[in-house]
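So you can see what is in the structure, the chains are spelled out below.
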Amino acid sequence: MSVCIFYCIVQDSHTSYMEQENHTQFSEFILLGLSEEAEMQPLLFWLFLFMYLITFAGNLLIILTTLFDSHLHTPMYFFLSNLYFSDICFTSTTIPKMLLNIHIQNKSITYKGCLTQMYFFILFAELDIFLLSVMAYDRFVAICHPLHYTAIMNPHLCGLLLLASWTLSVLDALLRGLLVLRLSFCTDLEIPHFFCEINQVIQLACSDTLLNVIEMYFATGLLGIIPLSGIIVSYSRIFSSILRITSTSGKYKAFSTCGSHLSIVSLCYGTGLGVYLSSAATQNSRASAIASVMYTVVTPMLNPFIYSLRNKDIKRALKSLVSTVTFNE
């Protein structure tokens, strides 16, 4: 509901702004995509359709598994379900539009559509980051304070942590969207990407973008570095506690409880850092767009497999769900 309210605010702000400013005379952007070669379009369509369906089905299956298995009704799987829901939404903001453009052979996206896509892309990207940091704190409490885990990670605190993650993500996405509304655009409206990536959109503006750049660096520092620092601190305490365990089996059990989450964190931040470094190393926007496929498509697709392959509880629940469905048939 809060997302819909903020979306309406963005729409109203855009309407009032366009009524006041007449120098932005355009209605759409052009998404150049990953390749302009005609023979590559069918391959890109089927490849990304396949990855999107795998992402959607894999994440949805884990969500349903955690909902229907009472043994998984714990804080860890509560946040995991929300992470996978966020991943579905995150991928759905970009890939369906890309597939539609390839199918109808039309690369355009409306101004409002671009702004909406940008807003939800930022929202769910930041929600992923916050949820990963919250899950790191959950693992910290579970390993370092096991006797007080239930008391600390109670439903009230879990709800507050989830609400805080959503609120911060919504507010920053709204702020960035409103700052884009104040920009004027000239005649060059081609975005060398397969979605409305905010940096690429800002570069097309012919008005002053200093405020947008300042906010971008500030948000990256505040909403990127702080959650990552929280993850690093949590895992440093976790590793310190594990090293004090005398038995080998105890150490293995402790590592296994956070191994899947640590793998997802490494994949998320690793691909994001890789895209950032590749963008800094080359001025080729198309190469950066291809590199961004890693964190926009590949990472959400691999996340469910990481948990299903490494987590015994998930594997047991999946087998139980499959056997139940098969038996009912």
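What counts, and where the lines are drawn
- Residues numbered from 1 in each chain as written.
- Predicted model: local features only at pLDDT ≥ 70, side-chain atom pairs only at ≥ 80, totals over all residues.
- Heavy atoms only, no water.
- UniProt positions renumbered as here; feature names shortened; annotations may be inferred.
- Helix = DSSP H or I, 4+ residues; strand = E, 2+ residues; numbered from the N terminus.
- Contact = heavy atoms within 4.5 Å.
- Areas by Shrake-Rupley, 256 points an atom, 1.4 Å probe, with all protein chains shown as cover.
- Core = buried A, V, L, I, M, F, W, Y, C linked by side-chain atoms within 4.5 Å.
- Buried < 20%, exposed > 50% of the residue type's maximum accessible area, 1.4 Å probe, protein only.
- Disulfide = S-S within 2.5 Å.
- Phe/Tyr/Trp six-rings, centres within 6.5 Å; stacked < 30°, edge-to-face > 60°.
- Pairing = 2+ DSSP bridges.
- Salt bridge = Lys/Arg side-chain N within 4 Å of Asp/Glu carboxyl O.

- Going by the annotation in an unreviewed UniProt entry, the name recorded for the protein is Olfactory receptor, with Camelus ferus given as the source organism.
- Its UniProt record gives the protein a comment under Function (unreviewed entry), which states: "Putative odorant or sperm cell receptor."
- A UniProt comment under Sequence similarities (unreviewed entry) is attached to the protein, and it reads "Belongs to the G-protein coupled receptor 1 family."

## Focus on the overall build of the protein
Thinking step 1. Along its length, the protein carries 12 helices and three strands.
Thinking step 2. Across the protein, every contact between residues at least 6 apart in sequence was considered, and the portion connecting residues at least 24 apart equals 80%.
Thinking step 3. With an accessible surface of roughly 16,700 Å², the protein has 68% of that area assigned to carbon and sulfur atoms.

## A short note on the nonpolar core
Thinking step 1. Within the largest apolar cluster, 88 residues are counted, with the highest numbers of intra-cluster contacts made by Phe29, Phe48, Leu80, Phe185 and Val201.
Thinking step 2. The element best represented in this core is helix α5 (residues 111-144), accounting for 21 residues.
Thinking step 3. With residues up to four places along the chain from it excluded, the contact list for Val201 reads Phe29, Cys114, Met118, Val180, Phe185, Ile191 and Cys196.

## Side note on the state of the cysteines
Thinking step 1. The tally for this structure, following the rule as stated, stands at one disulfide.
Thinking step 2. Of the cysteine sulfurs around Cys144, a residue in no disulfide, the closest is that of Cys258, at 9.5 Å.

## Let's talk about the packing of aromatic side chains
Thinking step 1. Summed over the entire model, instances satisfying the criterion amount to 15 aromatic pairs.
Thinking step 2. With centroids separated by 6.4 Å and ring planes inclined at 70°, the aromatic side chains of Tyr111 and Phe185 adopt a geometry described as edge-to-face. Here Phe185 lies in the loop between α7 (155-181) and β3 (190-191) and Tyr111 lies in helix α5, a separation of 74 residues in the sequence. A single burial state applies to Tyr111 and to Phe185, both of which are buried.
Thinking step 3. Pairing Tyr137 with Phe140 gives two aromatic rings, centres 6.1 Å apart and planes at 35°, and the pair type is tilted. Placement of the pair is Tyr137 and Phe140 together in helix α5, with a separation of three residues, close to one helical turn.
Thinking step 4. Judged by relative accessible area, Phe140 falls into the buried class, the value being 12%.
Thinking step 5. Each member of the aromatic cluster is reached from another via a ring pair, and the members are Phe48, Phe90, Phe121, Phe194 and Phe195.

## Quick word on the pairing of strand β1 (residues 28-31)
Thinking step 1. Here β1 shows a buried face lined by Phe29 and Leu31 and an unburied face lined by Glu28 and Ile30.
Thinking step 2. Note: β1 against strand β2 (residues 108-110), three bridges, orientation antiparallel. What sits directly across from Glu28, in β2, is Thr110.
Thinking step 3. Strand direction decides the pairing type here: β1 and β3, joined by two bridges, are parallel. What sits directly across from Ile30, in β3, is Glu190.

## Points about the UniProt feature "transmembrane region" (unreviewed entry) in the protein
Thinking step 1. The UniProt record marks residues 43-64, 76-98, 118-137, 157-175, 216-235, 255-277 and 289-309 with the feature "transmembrane region" (unreviewed entry), using the residue numbering of this structure.
Thinking step 2. Annotation note: span residues 76-98, helix share 91%, strand share 0%, distance between end C-alpha atoms 34 Å.
Thinking step 3. As annotated, residues 157-175 comprises 100% helix and 0% strand, and the C-alpha atoms at either end are separated by 27 Å.

## What to know about the pattern of salt bridges
Thinking step 1. Going through the model one piece at a time under the given rule, you end up with six salt bridges.
Thinking step 2. With its nearest N and O atoms 3.2 Å apart, the salt bridge here joins Arg176 to Asp172. Note that Arg176 and Asp172 are positioned in helix α7 at a spacing of four residues, about one turn of the helix. The exposure classification of Arg176 matches that of Asp172, with both residues buried.
Thinking step 3. Several salt bridges converge on common partners, so that one network encompasses Glu126, Asp172, Arg176 and Glu215.

## Observations concerning the side chain of Ser292
Thinking step 1. Checked against the element boundaries, Ser292 lands in helix α11 (residues 285-310).
Thinking step 2. Overall, Ser292 belongs to the buried group, its relative accessible area being 2%.

## Description of the side chain of Thr209
Thinking step 1. Tracing the backbone through its elements, the reader meets Thr209 in the loop between α8 (198-203) and α9 (210-243).
Thinking step 2. Excluding its chain neighbours within four sequence positions, the residues that come into contact with Thr209 are Leu183 and Ile202.

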